[in-house]
Each structure stands twice: as structure tokens, then as C-alpha cells.
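An overview of the molecular structure
Listed here are the chains, written in short residue letters.
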Amino acid sequence: MTSLPSPTKEGGKPSEPGNPQSSDGLQAGLKNRHLSMIAIGGVIGAGLFVGSASGIAAAGPGILLSYALVGLMVVLVMRMLGEMAAARPSSGSFSAYADQALGRWAGFSIGWLYWFFWVVVLAVEATAGAQILEGWIPAVPQWAWALIVMVVLTATNLASVASYGEFEFWFAGIKVVAIGAFVVIGLLAVFGLLPGSDNPGAGLAHLTDSGGFLPKGPGAILTGVLMVVFSFMGSEIVTLAAGESSNPQRAVAKATNSVIWRIAVFYLGSIFVVLTLLPWNDPSILKEGSYVAALNSIGIPHAGQVMDFIVLTAVLSCLNSGLYTASRMAFSLGRRGDAPKAFARTNTRGVPTAAILSSVLFGFVAVFFNYQWPDTVFAFLLNSSGAVALFVWLVICFTQLRMRGIILREAPEKLVVRMWLFPYLTWATIAMISFVLVYMLTDDTAREQVLLSLLVAALVVAIALVKDARGRREKAPAEADD
């Protein structure tokens, strides 16, 4: 596929000193420390803090295997994506690669589905953040807090990519430090080494003392997979952000290589601590939340307020990155002619203003739906975007199968990150993701998500195919005239 010409910058002014202009109009305003923290913190969403309790209740200590299986999928998918992103850094990431490897219809479809996923996430996270803030300051209504949060983070993204990176650096830093401290303090308490701890320090006994390691049977591991898979969404953000850094190849390689320890420490490590501090069926886990219950068992004062602050940080981080990600995907779609041309324009600071405003506008509309029709319209939006994460991972796998050959033909020296055991592990990952999707159809709570997500995906693919066919028909007479 021939690349589209770079859109003209609004105002036609040169880029700011110190922020070199990239060929697509964006500015390389993200520093190495920004990308490092985006890479580390991007995999930690509010879902880890909020949703882990229900996973533990469903699978017991076996939820560790659920997290490990999904973590393995993410590691493999990120390796594939890292291979392509290191060779061809792009603000459109996997959507741009699908466009090149599978066809315009694939890039169009997965790009718009991914954008849809993140703008719905904006509404979910804005509402979650507003609930916490209203609890602290009840005088301000919840809808006003949601509005304030959205406006502040929109202003941050509109200012410059560097301001997005700076906010994300601190948001992600708080999450990383909090979980790191939780794991260290928790392990000391588990083995009775924490002075003044209220926890009996039972060692590893709680992993098996309440019905064994798999109290709900082996099938609960797969149930747990369905409950935790979506808390991993966001790992791929660093490959989009790398396009706005001075050395994208190095940033992508570093993020890809570190994903294993990130998942091991932040997901498996923190859940392991919860399960060794308390029996899996302790009522406080569901009542208070897994992390609050664990902190309370140690005797950490004001554990609920501490965790509220950390969850709020995770929510703001997710909102910040969600708006950034949705806008950059819209920008990339605009550059490829798959979205309005205005989306592809950047201002003098290298910011795609129209792409940001259109994304946040849909987010505002979704927030309104959440307050006005939470059980109908918003429930449809939520369910119809629920399986998009798995669709994205599946497309990344199929794209990498084709892109390896393209990169080897056109620029083999850029293949600095390689997928392990290609193509066998790629096909194995495709089989794993497909199995999860099929298994979701057998689960009463997940079936609606898959079916509605498939319906929306089919609609978007149909639009893409019609658009593609129309483009070929318009192109044919022009080629005949030549």
C-alpha cells in the first residue's frame, strides 16, 4: 500500500524547538521516562483493583492460573506487536499494520472498533472517578465531577503530547509505587516478618486450606479467564505513543522486553499476596474489595481511603490514556482516508485537535447515556465493545503472520524485535484467543458481550468492504484513462 501524503499543518508554523516534527505532523514530545512509565503503568487499569475480588470468588486460588494464562497471551501478542512497531513506528499501530498486511478493510475495521472501545471506556472511567470524588466532596453532584474530570484531561491532551506524557508519568508512577509497596509489605506479613502486623503470617497455607488450590474445579480457571482478560487491555498503548518519541524503535523494544516482569509483578504478584494474606472465601474480599481486605488484615489504617486514592489515580490514568489512544487512532484513520480529513490535521503544537475533540465528544455523550439510560443504551454500548480487546489481539496475530514477510523483503535490518518460534507461537496464540471467544459463548454472563461485539464488528466490516469496493470502482476508470 502506498503511503498517503502528510497532511498540512494548521497555521503552517514550524514546530516548537526541542520537539522535532515527525513526518505525519505529530511532534516527538514524549521523553524516555514518559514512555517507560506508560509501558510499565499502561498494563495496570482500575479493573485490577476493582474486579479482582469477583475473580477470586469465582475461581479461588486458581485465579492465579487465570491471570497467568491471560498474561501469557498478552506477552505473546505484545511480542508480535513489538516486532511490527519497532520496524514501522506509527500512530495507528496495529490498525496501520493491518491496513498494509491484510487490506484496507481490516485497518478500517479494527481501527474504528478500537476507537469505539476506548470512547466507551472514557464514560466508564469518568463515572467511576466521579463516584469516588462525590464520596469525598458530596456537595458537588456526581455528573459534575464526571464533567470536571473529562474537561481537565481533555485540556491536558489538547495542550501538547508532552503534557499528556507528564500527567501519565505521575499517574502511572503512583500506581506502580503503590502496587510495589503492597507486594513487598504483603509478602513480609505473609511470612510473619512485618513488625506490628495484625495478620497471623500463615505463609502459603491459605492457597490450599479452604477446599484446595482449585476449590471450584479446573473449569473455574476458564471462568476466571473471562473475568480478568479485559483488565489487561491497554498494554498496546505504548506502541502508539512510541510514534511521538525521539527514538521509537528503542522505546518499543524496551517495552516489549519488559512486559513479562510487569505482568508477573503487578498482576500475579499482587493477587498472590491477597490470596496468601486471606483465605480466598473470606467474606471481606467481596465486601471490601480484595486489596482493601488484604490491607485491613495487615492492620494498615484507613485502608479504604488509601485504596480509593489509588483507584482514582488508576481511573484518571486510564481516562488520560484512553483519550490519547482514541484520538491517535482517529488521527491515523484520517491520514489513511478512513475518517474525516479534519482528524488528520495537527495544530502548531503537533496536536490533532479535531481527533481529540471528536473522541471526547462521543465520551461525553456516552457519560450522558450512562446517567440517563444506564440499563438500556449504555448497557448496549458496554456489551457491544466488551469483546473488542480479543478481536484486536486476534487481528494483531494475523497481521504479524503477513508483516514478517513484508518487513524481511523491504527492510530486514529493522527487524530488531522478533516473535519467538515464528510462526508456531503465533498460530498457538490465535488458537488460545479463539478458544476464549468460543468459551465465552457458553458462559451466560459473557455470551451477550460476544454476540453484540460480533454484531458491531460485522457492521463495521460491512461498511469497510462497501467503502473498499466503491474506492476500487472509482479508481478503475481513472487507471483506464491513464
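The shown structure was predicted, so the numbers you read here are calculated from the model rather than taken from an experiment.

Another point: the packing of helix α10 (residues 248–277) against helix α12 (residues 290–298). Packed helices, taken two at a time, are described by the angle between their axes plus the distance between the axes. As a packed pair, α10 and α12 sit with axes 9 Å apart at the nearest point and diverge in direction by 50 degrees. Here α10 is positioned oblique relative to α12, judged by the angle of their axes. Our pair here, α10 against α12, has a crossing hand that is left-handed. Across the interface between the two elements, Ser270, Ile271, Val274 and Leu277 from α10 touch Ser290, Tyr291, Ala294, Ser297 and Ile298 from α12. Class assignment of the residues belonging to the contact of α10 with α12 gives a composition of 6 nonpolar, 3 polar and no charged.

Turning our eyes to something else, we now look at the nonpolar core. Formed by 160 residues in total, the largest nonpolar core has its most connected members in Phe49, Phe94, Trp118, Val392, Trp393, Ile396 and Ile433. Filtering out sequence-adjacent residues up to four positions away, Val392 remains in contact with Phe94, Ile110, Tyr114 and Met233.

Enumeration over the complete set of coordinates arrives at 20 aromatic pairs. Consider the rings of Trp112 and Trp115, whose centres lie 5.4 Å apart with planes at 80 degrees: the pair is edge-to-face. Here Trp115 and Trp112 lie together in helix α5 (residues 104–136), a separation of 3 residues that amounts to about one turn. Clustering of aromatic rings is evident, with ring pairs tying together Phe94, Tyr114, Phe117 and Trp118. The aromatic ring of Phe169 is capped on one face by Arg33, whose charged end is 4.7 Å from the ring centroid. Positioned above the aromatic ring of Phe422 is the side chain of Arg404, whose terminal nitrogen or guanidinium carbon lies 4.3 Å from the ring centre.

Right, let's get into the confidence of the model for the protein. On average, residues of the protein carry a pLDDT of 86, and 93% of them reach 70 or more. The model gives residues 1–19 a pLDDT under 50, and that stretch makes 36 contacts with residues more than four places away or in other chains.

By the secondary structure assignment, Ala159 is in helix α6 (residues 142–159). For Ala159, a relative accessible area of 33% corresponds to the partly exposed category. Sequence separation between Ala159 and Ala128 is 31 residues; the distance between their C-alpha atoms is 25 Å. Those residues in contact with Ala159 that lie beyond four places of it in its chain are Arg349 and Val351.

On to unusual backbone geometry, then. For the bond running from Phe422 to Pro423, omega is 0 degrees, close enough to zero to count as cis. Here Pro423 is to be found in the loop between α16 (388–410) and α17 (424–442). If you check the backbone angles, Ser93 has positive phi at about 45 degrees while not being a glycine. Within the element layout of this structure, Ser93 appears in helix α4 (residues 93–101). Positive phi, close to 55 degrees, is recorded for His302, a residue that is not glycine. Position of His302 among the secondary structure elements: in the loop between α12 and α13 (303–335). Judged by relative accessible area, which is 58%, His302 ranks as exposed.

Conventions we followed
- Residues numbered from 1 in each chain as written.
- Predicted model: local features only at pLDDT ≥ 70, side-chain atom pairs only at ≥ 80, totals over all residues.
- Heavy atoms only, no water.
- Axes fitted to C-alpha atoms, helices over the stretch in contact; angles between N-to-C directions.
- Helix = DSSP H or I, 4+ residues; strand = E, 2+ residues; numbered from the N terminus.
- Parallel < 35°, antiparallel > 145°, perpendicular 65-115°, else oblique.
- Left-handed = near helix turned anticlockwise from the far one by under 90°.
- Contact = heavy atoms within 4.5 Å.
- Nonpolar A, V, L, I, M, F, W, Y, C, P; charged D, E, K, R; others polar.
- Core = buried A, V, L, I, M, F, W, Y, C linked by side-chain atoms within 4.5 Å.
- Buried < 20%, exposed > 50% of the residue type's maximum accessible area, 1.4 Å probe, protein only.
- Phe/Tyr/Trp six-rings, centres within 6.5 Å; stacked < 30°, edge-to-face > 60°.
- Lys NZ or Arg CZ within 6 Å of the ring centre and 35° of its normal.
- pLDDT = per-residue confidence, 0-100.

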